[in-house]
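In case you want the letters, here they are:
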Amino acid sequence: MPNVVNERGVMSPDTLEHILKKATSECAVTNVGLFNWTEPMLHPRLDEMVRVVKKYGLPCAVSTNLNINKPTRYQKLLESGLDVLRVSLSGFSQEKYGFTHKGGLIEDVRSNLAELLRIRDEIKSPIRIAIAFQRYLSNMTEECDIKAFCESHDMVFQPIYALMLPLEKVLAYCGVASVAPLSKDDHEIIVNLALPLREALVSAANAEMSECKLLEQQMTLNWKGDVLQCCAIYNEREYTVGNYMELRLADIQIQRKKSTVCPSCVRYGASNYFLYNIPDIEHLAAENIKNNAMRLFEIS
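Residues numbered from 1 in each chain as written. Predicted model: local features only at pLDDT ≥ 70, side-chain atom pairs only at ≥ 80, totals over all residues. Heavy atoms only, no water.

1. Considering the overall build of the protein
Put simply, the rule reads: Note on conventions: DSSP H or I runs of at least 4 residues are helices, E runs of at least 2 residues are strands, and numbering of each starts at the N terminus. We compute the radius of gyration from the C-alpha atoms alone; for a globule the expected value is 2.2 Å times N to the 0.38, where N is the number of residues. The rule is simple: take the accessible area with a 1.4 Å probe, protein chains only, and divide by the maximum for that residue type; under 20% is buried, over 50% is exposed, in between is partly exposed. Whether two residues are in contact is decided by their heavy atoms, any of which lying within 4.5 Å being enough. When charges are counted, Lys and Arg are positive and Asp and Glu negative, with His and the chain ends excluded. Where a charge lies is defined by one atom per residue type: Lys uses NZ, Arg uses CZ, Asp uses CG and Glu uses CD.
For the protein, the count of helices and strands is 15 helices and eight strands. Radius of gyration (C-alpha) of the protein: 20 Å, near the 19 Å computed for a compact globule of 300 residues. Expressed along its principal axes, the backbone C-alpha trace of the protein runs to roughly 55 × 50 × 35 Å. Here the protein holds 300 residues, and the buried ones make up 46% of them. Here the analysis covers contacts within the protein between residues at least 6 apart in sequence; of these, 73% occur between residues at least 24 apart. For the protein, the separation between the mean place of its 33 positive charges and that of its 37 negative charges on side chains is 3 Å.

If you want it as structure tokens, here you go:
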């Protein structure tokens, strides 16, 4: 999204402390994820951030692409009490991985993962390391190898169908005016999805939804503590509600529910799509994979 530039920065442990103190006083906090539209391993004090969360007795998770080569940072992270480390993976060879994790190097991921496993076993950390394998048409041939690798190293294997994000791009795909028009790269991603976007959105739009969990059960904050409309939206300039520390939770929710983007999100099935509330998900993916069998053969 070249025409959208979010302000960059790093949240301090003190800011997180203030946020959690307020949050635990006004609602039931069930877990904390220290990630959203970012690479948390870039944070030089990530272990301190985790310790702040654990101070409140809350489960804490980090999701990473594991391309950052910082062995000492991994040591501190595993010693911090982190509960879940989720590694986003879309291939086991550079050919497959580099196609869907652009700019990523699979050898760095393998090396960093080996170091994490070594530290985990050395300090006997109870951390749950999960490999989130993102299913694309281009990488289906490597899923079995990754699953076997996880099983042999006591890691959780989590195969998931890759989704199109952010919401702005999905709405642009549905013909809604957007500040994020689809690019050539976007179309290449959409064609490569194992779960076909158009059919998945139709199925999701027809699915029942008593409430949007992204709106009713989750709060997304940026590094400054500003509340974003939801985790699926990228453009902070357009979709920031206000600063969490300056607003009551009830007022934040009132403002979020007034957003003009939510009706479009629900109408086109995006809210259910992002939550994998897609009744025909396995059938749609299987049919798409079967129909693209020749293309898969050519890619592999």
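2. What about helix α9 (residues 197-205)?
Going by this rule: What the arc describes is the spread of directions from the helix axis to the C-beta atoms.
Among the residues of α9, those classed as buried are Leu 197, Ala 200, Leu 201, Ser 203 and Ala 204. Viewed along the axis of α9, the buried residues span an arc of 165°, placing them on a single side of the element. Residues of α9 that are buried in the fold lie against α7 (167-173), α8 (184-192), α13 (270-274) and α14 (281-291).

3. A word on helix α11 (residues 249-257)
Of the residues making up α11, those classed as buried are Leu 249, Ile 252, Gln 253 and Arg 256. For α11, the buried positions fall inside an angular range of 95° around the axis, keeping them on one side. Structurally, α11 contributes buried residues whose contacts are with α1 (13-26), α10 (213-216), β7 (226-228), β8 (240-243) and α12 (261-267).

4. Re the pairing of strand β2 (residues 60-64)
The cut-off we apply is this: Pairing between two strands requires that DSSP report at least two bridges joining them. When the strands point away from the viewer and the connection leading from the first strand across the helix to the second strand turns clockwise, the crossover is called right-handed.
Among the five residues that make up β2, four are buried, leaving the element largely enclosed by the rest of the structure. Here two bridges tie strand β1 (residues 32-33) to β2, and the two strands are oriented parallel to one another. Residue pairing for β2: Val 32 is matched across the bridge by Cys 60. Between the parallel elements β1 and β2, the chain passes through helix α2 (residues 46-55) in a crossover that is right-handed. Where β2 and strand β3 (residues 84-89) come together, four bridges link them in parallel fashion. By the bridge assignment, Ala 61 is partnered in β3 with Val 84. Between β2 and its parallel partner β3, the chain crosses via helix α3 (residues 71-79), and the hand of that crossover is right-handed.

5. Concerning the packing of α1 against α2
Under the convention used in this document: Interaxial angles span 0 to 180 degrees and are taken between N-to-C directions of axes, which are lines fitted to C-alpha atoms, for helices over the stretch in contact. In what follows, roughly perpendicular refers to angles from 65 to 115 degrees, roughly parallel to angles under 35, roughly antiparallel to angles over 145, and oblique to any angle outside these ranges. The handedness criterion is simple: a crossing whose near helix is rotated anticlockwise from the far helix by less than a right angle is left-handed, and one whose near helix is rotated clockwise is right-handed. Residues are grouped as follows: Ala, Val, Leu, Ile, Met, Phe, Trp, Tyr, Cys and Pro are nonpolar; Asp, Glu, Lys and Arg are charged; every other residue, Gly included, is polar.
Where α1 meets α2, the closest approach of the two axes is 9 Å, and the angle between their N-to-C directions is 20°. As the angle between them shows, α1 and α2 are arranged roughly parallel. Note that α1 runs across α2; the crossing there is right-handed. Where α1 abuts α2, its residues Pro 13, Leu 16, Glu 17 and Leu 20 lie against Glu 48, Met 49, Val 52, Val 53 and Lys 55. Here the residues of the contact of α1 with α2 sort into six nonpolar, no polar and three charged.

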